[in-house]
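# What the coordinates show
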Amino acid sequence: MRRNWVEFRLLGSPEVWLDGRQLELTAGKPTALLAAGLLHANRVVSISSLVDAVWGDAPPATAAALVQTYVSNLRRVLHVGDRETIVTRAPGYLFEVDHEHIDINRFEALAAKGRAAAAAGRHHEAAQLLRDALAIWRGPALNGLLTPVLRQAADGLEELRLYVLEERISAELRLGRSGPLAAELATLVKRYPLREGLRAQQMLALFRLGRQADALEAYREAREVLQAELGIDPGQELRRMHQAILTADPALEAPLAEDLAITRPEPSAGLAAVSVESPQLDRATTTSVPLQVPQVPRQLPPAGGDLVGRDDELTELRTILLSAMTAERQVCCAISGKAGSGKTALAIAAAHAVRDVFVDGQLYAAFRGTGPEETKEILGAFLRALGEPASRLPDPVEELSGLFRSRIAGRRILIVLDNAGPEDQIRPLLPAHGGSATLLTSRAALAGLDLDGSLGLDVLEPDDALRLLAQLVGAARVAAEPEAAAEIARLSGGLPLAVRTVGARLAVRQRWPLSVLAARLRDEHRRLDELVAGDLEVRASLHLSYASLPDPLRLAFRRLGVVAVGEFPPWLLAPLLDHPEARAEHIVERLADAQLVDAIGVDLGGQVRYGMHDLIRLFARERADAEEGPADQCQAIERLARYLLNLLTDLGTRAPGDAAGSPADVQTWLEQERWLLVQTVELASRFGLHRLACRLSMLLLSSFRLRNAFDAWWRTHDAALEAARSAGDRASEASLLRGLGLLRYEQDRLDDAAVFYGQALAMFREQGDLRGQADCLIGIATAHRERGRFRDALELFEQAGHLCAELDDQAGLAECSYGIGYVNREVGDFARADAALDQALAAYRRIGDRRGEGLTLRSMAMVHRARGDLGPAERLALEAIAVLREGNDQLLTAYGLQCLAKVQIRQGEYALAAETLRQALAVCVALGDRFGTALTTRTIGELHLAAGELDQAATHLDAAREQWAAMGLDLFCARTDRDRAEVCRRHGDLDTAAELHASAVATFRRYGSREQLELATQPGA
């Protein structure tokens, strides 16, 4: 039997192909879940990790349940033969995929083969293999997936692509293909102006074409860009290339020469050759010094316990350090990362892993951050460890550095510099000859050093943090309280220092339940207080990073602590600091260099987005409260609120970076900045800026409604309402109560909606605000309509219509006509329904309200369907869907699809109806819309009933019945019971069928709905 070939493509927009046919993936979130699983293929991925990947920092309360739904849907799409692609495996899922079926793996395999061919001198083969690897890419990796976790993964893949691109160009330069490459590199350096490797390759290609002046101009341009953008000079690679071109070094002419490593001249005859077996002094720099018997220092601190979650990093470091054995120059590698990320533990483990190779000794020093004199102290200590008498040590740092380099020249020495300071303090400590290696750890990126490897250390994955906790407190305790253990690991933020601290506390408190410490960590105000155990303290570690910052960066760090959002754009600091956006971006980059914020992705405007680790965020807030008064914080928040208000009220609601334009762009930007906007409203409310809070809250309502962002909607309105009440602003209070009424209606909490609308109505009457009164009357009428209180609803719609007519409010009149048409349809008065809906449609079209137009077309389709006019019903439903899709309203489009599916069922188009309902249900579930989920679930039951699939019909109808009951919607329960009665009748359970039928008829009569006529004579009619 032929084996199916499944291909998963992530290097571009995510796609799945089966035997050359592309499978249709569902909405964005299931695709994000699939991508997250494939990035960790054949390893168990926890549900919490999938939630982070799909929703980022703001998952809905039902996220875990939605993951299960998405997995179920994906299993159906990906099912091939007897093999299951997604396997349930605690604490999440295992995505079982053959290695070669994922395009990332094929890309990496081809790149590795190309690398090996290049190393063996087979440059034609290398160039072709690397070209084949790059050809697998179809566009930006994980294109269209915007959560921080996936954007970070995409950025890593993009970095890998560029590395392979540089390798391919290097192979082709060795083949002498300078002409075509010069043109290609001209484009590449414009696209990636800060990549020095590409700049060096461009200079080499131009030189080989006889364009020496152009090559030198390319260097000048590179230097200007690096100084302007980063404030640094070109690195050693570019400087070497520049010098070689200036001198027309013959080594550059050979087509197969090392294109990026300039051949160095042999040592002059006046210099003594130094061998590993017989170390000698460099007589060019040291005279009249007796030859010392070299000592072999062994200064490495003891290695700790087994590292958890750092296997790949340890392997990478070991490979780089071992390369010093064959390198012509010293090898230097750096580990950077935020405070507490385990840099020192990893460095010491890596050093111990290779110590036997560095036979002439290992030197270790830890910087304390005391200033330039520290370099002098470390040099002195190193020289004494190497056998140099203290009395013979010179005083200037330059002479100490020269003596140190002479003493280790030709020797295999490993130097570990822990918590290393600025580049100018590190350079005097670096060897100048091959055979030695230096391993640095730093809290800041050391961009000014010429490094052979730079490893950015991230926090631990949740599973690894849990493993580390179990290692510290005992696997039995973790197994006894798995939920508490997982919460401790999560609240420690995956920071190894934090996990080790809580582990040390629990290790000496054997009788403490893990749940006790979990509860303490849950309180953000005391979390840093709990992360102390002996000399392990997260706060103290963070303070070292903070104290090393200049004042402007400390202020920026504190202001980010005040706002306290999980992720943010660089322009956020512009209003917080009252700086231009360009200056704000520079400051954020410097905070990233200090490892206090992290670059986590790119937004739709092309700007880098940043995030702050939870524990660092708490520390930043502490420093803000300790070092700044409320007045300063209030001014910063007022500037931020006004800044955002201006953005939201700007024509087209344009976002920074010219990200807006189409409605989809605006909505994407609002979705991207949702929690920043929410937090700003809450902070403005807390600082008494109630007018700004109210205006922002009400401006955001339409966006939150479109996305069913109920939590954000409630938080902004609730905070602004409290501020308005404190300020005695009755007009704003009434408007916010009206907004809360609409929120509760959208959440299908109809009684609560009526209460909020009623409170707002009383206040609008008190103020004589007719527009507000009309809105509230419409709101209460709509809630009554949904509850089946049709007579009350009609009366209120008519009252509201009179007010709207008095105000000449066309939008209000349209809404009232729509409501009247809806109610008349529900009670079976189709003639009046037609008249009212015709009025509503004309009014919505006059005022250009596409949402209202789409809703009305759907309602008109439902009237025709109730009459049995299926042709017009289908046409109107399709027109409604087109209008709603044009407005990018996913939820109402789903309602239009459900309406169309009902028509398709009655037309006998069961396959079409099934696909239509699948699309509708996916949207309703993803957006957390309870009413739409119940409505679509019931319609799926009706589809199975019409197709004679009674068991499946019963399952869906029972589920819908439970959902209607939970919302307290008796009329919809009765409509579902009508179908359930038919299922029972066909099953032969006539007693239950009669009971359900009778109950449904009684409900229809009580509400006066149209079904009382349909079912008056027989069940199931």
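Since this is a predicted model, take the numbers as computed values, not measurements. (Residues numbered from 1 in each chain as written. Predicted model: local features only at pLDDT ≥ 70, side-chain atom pairs only at ≥ 80, totals over all residues. Heavy atoms only, no water.)

## Section: the overall build of the protein
Summing up its helical and strand segments, the protein has 46 helices and 16 strands in all. Projecting the C-alpha coordinates of the protein onto the three principal axes gives extents of approximately 120 × 75 × 65 Å. Expressed as a percentage of the 1021 residues in the protein, the buried residues total 52%. Summarising the internal contacts of the protein: among those between residues at least 6 apart in sequence, 64% fall at separations of at least 24. (Helix = DSSP H or I, 4+ residues; strand = E, 2+ residues; numbered from the N terminus. Buried < 20%, exposed > 50% of the residue type's maximum accessible area, 1.4 Å probe, protein only. Contact = heavy atoms within 4.5 Å.)

## Topic: the pattern of salt bridges
Here the structure, examined in full by the defined rule, presents 81 salt bridges. Residue glutamate 627 pairs with arginine 623 through a salt bridge whose shortest N-O separation is 3.0 Å. Here the residue glutamate 627 and the residue arginine 623 both occupy positions in helix α26 (residues 614-627), the gap between them amounting to 4 residues, near one helical turn. Residue classification places glutamate 627 among the partly exposed residues on the basis of a relative accessible area of 38%. (Salt bridge = Lys/Arg side-chain N within 4 Å of Asp/Glu carboxyl O.)

## Quick word on the packing of helix α27 (residues 630-649) against helix α30 (residues 690-706)
Running from N to C, α27 and α30 cross one another at 35 degrees; their axes reach a closest spacing of 10 Å. Remark: the crossing between α27 and α30 carries left-handed chirality. Here α27 contributes Glu638, Ala641, Arg642, Leu644, Leu645, Leu648 and Thr649 to the contact with α30, which in turn contributes Leu692, Arg695, Leu696, Leu699 and Leu700. Per-class residue counts for the contact of α27 with α30 are 8 nonpolar, 1 polar and 3 charged. (Axes fitted to C-alpha atoms, helices over the stretch in contact; angles between N-to-C directions. Left-handed = near helix turned anticlockwise from the far one by under 90°. Nonpolar A, V, L, I, M, F, W, Y, C, P; charged D, E, K, R; others polar.)

## Examining the pairing of strand β10 (residues 437-442)
Among the 6 residues that make up β10, 6 are buried, leaving the element largely enclosed by the rest of the structure. Burial of β10 is two-sided: the residues Ala437, Leu439 and Thr441 facing one way and the residues Thr438, Leu440 and Ser442 facing the other way are all buried. Inspection of the sheet shows strand β7 (residues 331-337) paired to β10 by 6 bridges, in the parallel sense. When the sheet's bridge partners are listed, serine 336 is paired in β10 with serine 442. Bridge count between strand β9 (residues 414-418) and β10: 4 bridges; the pairing is parallel. Considered in β10, the bridge of leucine 414 is made with alanine 437. (Pairing = 2+ DSSP bridges.)

## Let's talk about the packing of helix α23 (residues 551-563) against α26
Between α23 and α26, the least distance of the axes is 7 Å, while the angle of their chain directions is 105 degrees. In this view, α23 runs roughly perpendicular relative to α26, as classed from their interaxial angle. Of the residues in α26, those touching α23 at Phe557, Arg558, Gly561 and Val562 are Ile616, Arg617, Phe619, Ala620, Arg621, Arg623, Ala624 and Glu627. Of the residues in the contact of α23 with α26, the class split is 6 nonpolar, 1 polar and 5 charged. (Parallel < 35°, antiparallel > 145°, perpendicular 65-115°, else oblique.)

## Thoughts on the confidence of the model for the protein
Confidence in the prediction of the protein, expressed as mean pLDDT, is 85, and 92% of residues score 70 or more. In the model, residues 653-664 has pLDDT below 50 throughout and makes 20 contacts with residues more than four positions away in sequence or in other chains. (pLDDT = per-residue confidence, 0-100.)

## Observations concerning helix α32 (residues 730-746)
Between its first and last C-alpha, α32 extends 24 Å over 17 residues, near the 24 Å set by a 1.5 Å rise per residue. With respect to burial, α32 is a largely interior element, 14 of its 17 residues being buried. Residue aspartate 729 occupies the N-cap position of α32, its side-chain oxygen lying 3.4 Å from the main-chain nitrogen of alanine 731. One or two residues past the end of α32 sits aspartate 748, with phi positive at roughly 65 degrees. (Expected span 1.5 Å × (residues − 1). Polar contact = N/O pair within 3.5 Å; in protein donor to acceptor, adjacent residues only side chain to side chain.)

## Considerations on the nonpolar core
Counting 172 residues, the largest nonpolar core has Leu591 and Trp964 as the members making the most contacts within it. In terms of residues, this core owes the most to one element, α27, which gives 10 residues. Every residue in contact with leucine 591, bar those within four places of it in the chain, is listed here: Leu549, Leu553, Ala556, Phe557, Leu560, Leu596 and Val597. Val97, Ile136, Met203 and Ile245 belong to the second-largest nonpolar core, a separate cluster that totals 77 residues. (Core = buried A, V, L, I, M, F, W, Y, C linked by side-chain atoms within 4.5 Å.)

## Overview of the packing of aromatic side chains
This structure, assessed with the given rule, holds 15 aromatic pairs. Ring plane angle 25 degrees and centroid distance 5.5 Å describe the contact between tryptophan 571 and tyrosine 643, whose orientation is recorded as stacked. In this pair, tryptophan 571 sits in the loop between β14 (567-568) and α24 (573-577) while tyrosine 643 sits in helix α27, placing the two residues 72 residues apart along the sequence. Taken together, the ring pairs in this structure connect Tyr895, Phe931, Trp964 and Phe972 into an aromatic cluster. Residue placement shows arginine 554 over the ring face of tyrosine 546; its charged tip is 5.8 Å from the ring centre. Directly above the ring of tyrosine 822 sits arginine 785, whose terminal nitrogen or CZ lies 3.8 Å from the centroid. (Phe/Tyr/Trp six-rings, centres within 6.5 Å; stacked < 30°, edge-to-face > 60°. Lys NZ or Arg CZ within 6 Å of the ring centre and 35° of its normal.)

## Some points on the sheet that holds strand β15 (residues 598-602)
The strand order across the open sheet formed by 3 strands is β14-β16-β15, and the pairing between neighbours is antiparallel. One side of each edge strand has no neighbouring strand; the edge strands of this open sheet are β14 and β15. For β15 and strand β16 (residues 608-611), the ladder comprises 4 bridges, and the chain directions are antiparallel. By the bridge assignment, aspartate 598 is partnered in β16 with glycine 611.

## Description of the environment of leucine 469
Mapped onto the secondary structure, leucine 469 falls in helix α16 (residues 462-473). As for leucine 469 and alanine 485, which are separated by 16 residues in sequence, their C-alpha atoms are 7.8 Å apart. The contact partners of leucine 469, leaving out residues within four places of it in the chain, are Gly474, Val478, Ala485, Ile488, Val499, Val502, Gly503 and Leu506.

## A closer look at the side chain of serine 436
Checked against the element boundaries, serine 436 lands in the loop between α15 (423-426) and β10. For serine 436, a relative accessible area of 1% puts it in the buried group. Here the side chain of serine 436 touches arginine 411 through a polar contact of 3.1 Å, landing on its backbone oxygen. In this structure serine 436 touches Ala324, Gln330, Val331, Phe358, Ile408, Arg411, Ile413 and Pro431, once residues within four positions along its chain are discounted.

## Let's talk about the sheet that holds strand β4 (residues 44-46)
Spatially, β4-β6-β5 is the arrangement adopted by the 3 strands of the open sheet, whose pairing is antiparallel. Among the strands making up the open sheet, the edge pair consists of β4 and β5 (86-89). Here the average twist between neighbouring strands, direction ignored, is 35 degrees. Across 4 bridges, β5 lies against strand β6 (residues 92-95) in antiparallel orientation. Each bridged residue has a counterpart across the sheet, and for arginine 89 the counterpart in β6 is glycine 92. Packed on one face of the sheet, helix α2 (residues 47-55) meets β4 and β6 and runs near 70 degrees to β4.

## What about unusual backbone geometry?
A positive phi angle is found at aspartate 808, which is not glycine, with a value near 55 degrees. Within the fold, aspartate 808 resides in the loop between α35 (790-807) and α36 (810-827). Positioned with a positive phi, asparagine 888 is a non-glycine residue whose angle comes to about 60 degrees. Inspection of the secondary structure puts asparagine 888 in the loop between α39 (870-886) and α40 (890-906).

## Looking at the pairing of β7
Across the 7 residues of β7, 7 count as buried, placing the element largely inside the fold. Burial of β7 is two-sided: the residues Val331, Cys333, Ile335 and Gly337 facing one way and the residues Cys332, Ala334 and Ser336 facing the other way are all buried. Looking at chain direction, β7 and strand β11 (residues 453-457) are connected through 5 bridges and run parallel. Bridging from a neighbouring strand, glycine 337 pairs with leucine 457 of β11.

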